[in-house]
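Breakdown of the fold
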Amino acid sequence: AAMEKYPSLKIRVNSHTDSRGRDSYNLWLSQKRAESTVNYMIAEGISADRLQGEGFGETKLVNNCENGVRCSAKEHELNRRSEFIIME
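Structure report, in brief. (Residues numbered from 1 in each chain as written. Predicted model: local features only at pLDDT ≥ 70, side-chain atom pairs only at ≥ 80, totals over all residues. Heavy atoms only, no water.)

As enumerated under the stated definition, the model contains 6 salt bridges in all. Here Arg12 ties to Glu54 by a salt bridge, and the two come within 1.9 Å at their closest N and O atoms. With Arg12 in strand E1 (residues 11-16) and Glu54 in strand E2 (residues 51-55), this residue pair connects regions lying 42 residues apart in the sequence. With a closest N to O distance of 3.4 Å, Glu35 and Lys32 form a salt bridge. Placement of both Glu35 and Lys32 in helix H2 (residues 23-43) is noted, with a separation of 3 residues, approximately one turn of the helix. The class for Lys32 is partly exposed, based on a relative accessible area of 35%. Members of the salt-bridge network, linked through shared partners, are Asp18, Arg20 and Arg80. (Salt bridge = Lys/Arg side-chain N within 4 Å of Asp/Glu carboxyl O. Helix = DSSP H or I, 4+ residues; strand = E, 2+ residues; numbered from the N terminus. Buried < 20%, exposed > 50% of the residue type's maximum accessible area, 1.4 Å probe, protein only.)

Moving on: the nonpolar core. Among the nonpolar cores identified, the biggest contains 8 residues, and these are Met3, Leu9, Ile11, Val13, Val38, Met41, Ile46 and Leu51. Sorting the residues of this core by element identifies E1 and H2 as the ones contributing at least two each. Contact partners of Met3, with chain neighbours within four places excluded, come to Leu9, Ile11, Met41, Ile46, Arg50 and Leu51. (Core = buried A, V, L, I, M, F, W, Y, C linked by side-chain atoms within 4.5 Å. Contact = heavy atoms within 4.5 Å.)

Structure, rendered in structure tokens:
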């Protein structure tokens, strides 16, 4: 809705995973999530030149749930996210 309301708005989608699984797989998975989000918005009529996406895997965790650290499912859930950053 914001992209339709503000036609000059440009955003970047940053996607992240939790630390479970291989680091390389998580990086790939987060990149696919970012691409899927961007592709969905394009399919909804938002111009591709207004969108960017990047996956960060588990490189930017919001808590201490890194490899080898025991965390609850709820704690891991906090790290699985996509952020929408306003570029201009």
